[in-house]
Amino acid sequence: MQPLAERLRPQTLDQFIGQKHLVGEKAILRQMIESGHIASLILWGPPGVGKTTLAKIIANKLDRPFYTLSAVTSGVKDVREVIEKAKQSRFFSQGGNPILFIDEIHRFSKSQQDSLLGAVENGTVTLIGATTENPSFEVITPLLSRCQVYVLKSLDDIDLLELAKRAVTTDLELKKREIIFEETDSLLRYSGGDARKLLNIIELVTDATPEGAVHFTNEIVTERLQQNPMAYDKDGEMHYDIISAFIKSIRGSDPDAAIYWLARMVAGGEDPKFIARRLVISASEDIGLANPNALLLANACFDALQKIGWPEGRIILAEATVYLASSPKSNSAYLAIDDALALVERTGNLPVPLHLRNSPTKLMKDLNYGKNYKYSHDYPNHFVEQQFLPDELKNQSIWKVQDNPAEKKLGDWLRNLWKGRF
């Protein structure tokens, strides 16, 4: 028997729950679908919010040939074969271009994405990609420029409760049982905005009650999930929860917890590059200047992982994880850039002081561009005091030295140079 989530998959936009900003009345994606004219697009959002379902609804509504590839199992050869089939199907299709749906498009390599470009650009296929990762980082620029990106959101509690009600009133198997939702806090909390998680939990609790009425209470839901934790985590659906625990364990300097959550991700089939990217971010955001070597090691981990591959790559991830978790912590660089961005937002495009401006032409020199600039290397200690911030911000302090040995040393050096600052 198919899982409940598959049995309950919507077939039309009217059956689709959530994403009102995209498919609600007069929403942009609904208007495009109903008009019959749709361009290549990428659906970006967390797991279980309807990306695959929406792609299938689009294909059904437009009555076009529909091809599916998974970035996990498909290579360049598979892409080319599907494109060739799409070319042939165009001769027999009365509608528009065939639709090519690529799940987890962020896992496609650059060469795989390159192989799509021609077919997307000349209209051989209309591409619909689904991704849980930011397309700006994971999709090559030429392909991204040919697609519109739509952001899908986690389902809110109202959406989830509507889905739960639909499940017990429309699914033929669940209708055979008396299902009573006495409490829903745990059901909603463990679902975490993920429709598939919600339906998996409902199915798990129902199956664990062989006869009689099925009562959903907070205690029963928690108990069932603790007995079978993977039942609501098929194919790594706790992706966001576990990566959050992983990063917070590193930030909290607990290498035991960090390596445990790393093992959970490795065992669950998480993309190793996704983990490595988060390590690089953590090295800057949470460790920063307290131990600048952390960024070097995290970046080396990312590079080595791509050279070594799997499963040995898990050892490289483990080394970086333990090192980062054991390092002293500082978020001064993270706070500094956010404070600087807020300052730019408040003050706008302040002019660059004349002495700092580039002066490659005679006209610019005549306008005093670069005049009175002091070349730091011509002075003792390669330093001379001069103004580098705009006039309106000349006394502004942005980077704050934090209480760790490495930054204290930097602060002492800077205070020795800049009397009265830092």
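Thresholds applied
- Residues numbered from 1 in each chain as written.
- Predicted model: local features only at pLDDT ≥ 70, side-chain atom pairs only at ≥ 80, totals over all residues.
- Heavy atoms only, no water.
- Pairing = 2+ DSSP bridges.
- Helix = DSSP H or I, 4+ residues; strand = E, 2+ residues; numbered from the N terminus.
- Axes fitted to C-alpha atoms, helices over the stretch in contact; angles between N-to-C directions.
- Buried < 20%, exposed > 50% of the residue type's maximum accessible area, 1.4 Å probe, protein only.
- Right-handed = clockwise from strand over helix to strand, strands pointing away.
- Salt bridge = Lys/Arg side-chain N within 4 Å of Asp/Glu carboxyl O.
- Core = buried A, V, L, I, M, F, W, Y, C linked by side-chain atoms within 4.5 Å.
- Contact = heavy atoms within 4.5 Å.
- Parallel < 35°, antiparallel > 145°, perpendicular 65-115°, else oblique.
- Nonpolar A, V, L, I, M, F, W, Y, C, P; charged D, E, K, R; others polar.
- Arc of directions from axis to C-beta.
- Patch = residues over 30% accessible without salt bridge, like charges linked within 9 Å, V, L, I, M, F, W, Y side chains within 5 Å.
- Areas by Shrake-Rupley, 256 points an atom, 1.4 Å probe, with all protein chains shown as cover.
- Lys, Arg positive; Asp, Glu negative; His and termini not counted.
- Charge placed at Lys NZ, Arg CZ, Asp CG, Glu CD.
- Phe/Tyr/Trp six-rings, centres within 6.5 Å; stacked < 30°, edge-to-face > 60°.
- Lys NZ or Arg CZ within 6 Å of the ring centre and 35° of its normal.

When you look at the sheet that holds strand 5 (residues 148–151) in this model, what are you seeing that I'm missing?
Ordered in space as 2-3-4-1-5, the 5 strands form an open sheet in which the pairing is parallel. The open sheet terminates on both sides in strands that have one partner only, identified here as strand 2 (66–70) and strand 5. Averaged over all adjacent pairs, the angle separating strand axes in this sheet is 20 degrees, with direction ignored. Pairing analysis gives 5 bridges linking strand 2 to strand 3 (residues 99–103), with the strands arranged parallel.

When you look at the pairing of strand 4 (residues 126–131) in this model, what are you seeing that I'm missing?
Successive residues of a regular strand alternate their side chains across the two faces of the sheet. By the criterion of burial, strand 4 is predominantly enclosed, with 6 of the 6 residues buried. Of the two faces of strand 4, the one carrying Thr126, Ile128 and Ala130 and the one carrying Leu127, Gly129 and Thr131 are both buried. Bridge analysis of strand 1 (residues 41–44) against strand 4 gives 4 bridges, and the strand direction is parallel. Note on strand 4: the bridge partner recorded for leucine 43 is alanine 130. Pairing geometry for strand 3 and strand 4, over 4 bridges, is parallel. Bridge pairing links isoleucine 99 to threonine 126 in strand 4. Since strand 3 and strand 4 lie parallel, the crossover through helix 6 (residues 110–121) that links them has a hand, and here it is right-handed.

What is the right way to look at the pattern of salt bridges in this model?
Charged atoms that come close allow side chains of opposite charge to pair. The final tally for this structure, using the stated rule, is 18 salt bridges. For the salt bridge of lysine 77 with glutamate 81, the shortest nitrogen-to-oxygen distance reads 2.7 Å. Highlighted residues: lysine 77 and glutamate 81, both in helix 5 (residues 76–90), separated by 4 residues, approximately one helical turn. For lysine 77, a relative accessible area of 59% corresponds to the exposed category. In this structure, aspartate 412 engages arginine 415 in a salt bridge whose closest nitrogen and oxygen atoms are separated by 2.8 Å. Remark: arginine 415 and aspartate 412 occur in helix 20 (residues 405–417); sequence separation between them is 3 residues, near one turn of the helix. Of the residues examined, arginine 415 reaches a relative accessible area of 34% and is grouped as partly exposed.

Hey, could you run me through the nonpolar core in this one?
The tendency in soluble globular proteins is for nonpolar side chains to be buried as a group. Ranked by size, the top nonpolar core spans 48 residues in total, and within it Leu29, Ile38, Leu43, Leu54, Ile58, Ile128 and Ile202 carry the most contacts. Looking at this core, the element that brings in the most residues is helix 11 (residues 195–207), giving 7 residues. With sequence-adjacent residues up to four places away left out, isoleucine 58 is seen in contact with Ile33, Ile38, Ile99 and Ile128. Judged by nonpolar contacts, the second largest core, of 24 residues, contains Ile250, Ile275, Ala276 and Cys301.

Explanation requested: the pairing of strand 1 in the structure shown.
In the sheet, strand 1 pairs with strand 5 via 4 bridges, with the strands oriented parallel. Within strand 5, the residue paired with leucine 43 across the bridge is tyrosine 150.

Looking at this structure, how should I read the packing of helix 16 (residues 293–308) against helix 17 (residues 313–326)?
Angle between the axes and distance between the axes are the two parameters that describe a pair of packed helices. Relative to each other, helix 16 and helix 17 sit at 170 degrees, their axes nearing to 9 Å. Here helix 16 lies roughly antiparallel to helix 17, going by the angle between them. Of helix 17, the residues touching helix 16 (which contributes Asn293, Ala294, Leu297, Cys301, Ala304, Leu305 and Ile308) are Gly313, Ile316, Leu317, Glu319, Ala320, Tyr323 and Leu324. When the residues that make up the contact of helix 16 with helix 17 are grouped by side-chain class, the tally is 11 nonpolar, 2 polar and 1 charged.

Looking at this structure, how should I read helix 3 (residues 28–35)?
Along an α-helix, residues three or four apart share an orientation, since each turn contains 3.6 residues. Listing the buried residues of helix 3 in full gives Leu29, Arg30, Met32 and Ile33. Down the axis of helix 3, the sector holding all buried residues measures 160 degrees, keeping them to one side. The elements touched by buried residues of helix 3 are helix 2 (20–23), strand 1, helix 4 (51–62) and strand 5.

In this structure, what is going on with a nonpolar patch on the surface? I would like to understand it.
The grouping of Ile259, Tyr260 and Val322 at the surface amounts to a nonpolar patch, some 230 Å² of accessible area in total. Tracing the chain through its elements places tyrosine 260 in helix 14 (residues 255–267).

Quick question: what am I supposed to make of a negative patch on the surface here?
A contiguous patch of negative charge, built from Asp156, Asp157, Glu182, Glu183, Asp185 and Glu219, is present on the exposed surface. With respect to the element layout, aspartate 156 can be found in the loop between strand 5 and helix 9 (157–170).

Looking at this model, I keep getting lost on unusual backbone geometry. Mind explaining?
Where the residue is not glycine, phi is negative for most of them; where a peptide bond is considered, it is trans in most cases. Across the junction of tryptophan 310 and proline 311, the peptide omega takes the value 15 degrees, indicating a cis bond. Along the polypeptide, proline 311 turns up in the loop between helix 16 and helix 17. For asparagine 372, which is not a glycine, the phi torsion comes out positive at approximately 70 degrees. Along the chain, asparagine 372 falls in the loop between helix 19 (362–366) and helix 20. Take asparagine 372: its relative accessible area is 61%, and that puts it in the exposed class. Although it is not a glycine, asparagine 381 sits at a positive phi angle of roughly 60 degrees. Mapped onto the secondary structure, asparagine 381 falls in the loop between helix 19 and helix 20.

Which parts of the structure should I look at to understand the packing of aromatic side chains?
Any aromatic ring pair is given by two values, namely how distant the centres are and how the planes are angled relative to each other. Evaluated as defined, the whole model comprises 5 aromatic pairs. Ring centres of phenylalanine 388 and tryptophan 418 lie 6.4 Å apart, and the angle between their planes is 75 degrees; on these two criteria the pair is classed as edge-to-face. Remark: tryptophan 418 occurs in the segment after helix 20 and phenylalanine 388 occurs in the loop between helix 19 and helix 20; sequence separation between them is 30 residues. Exposure remark for phenylalanine 388: the relative accessible area of 41% places this residue in the partly exposed category. One aromatic cluster is present, formed by Phe383, Phe388 and Trp418 through successive ring pairs. Across from the ring centre of tyrosine 190, 5.1 Å away, lies the NZ or CZ of arginine 189, which sits over that ring. The ring of tyrosine 369 is capped by arginine 357, whose NZ or CZ atom sits 5.0 Å from the centre of that ring.

Remember that the coordinates give geometry; whether it matters functionally is a separate question.
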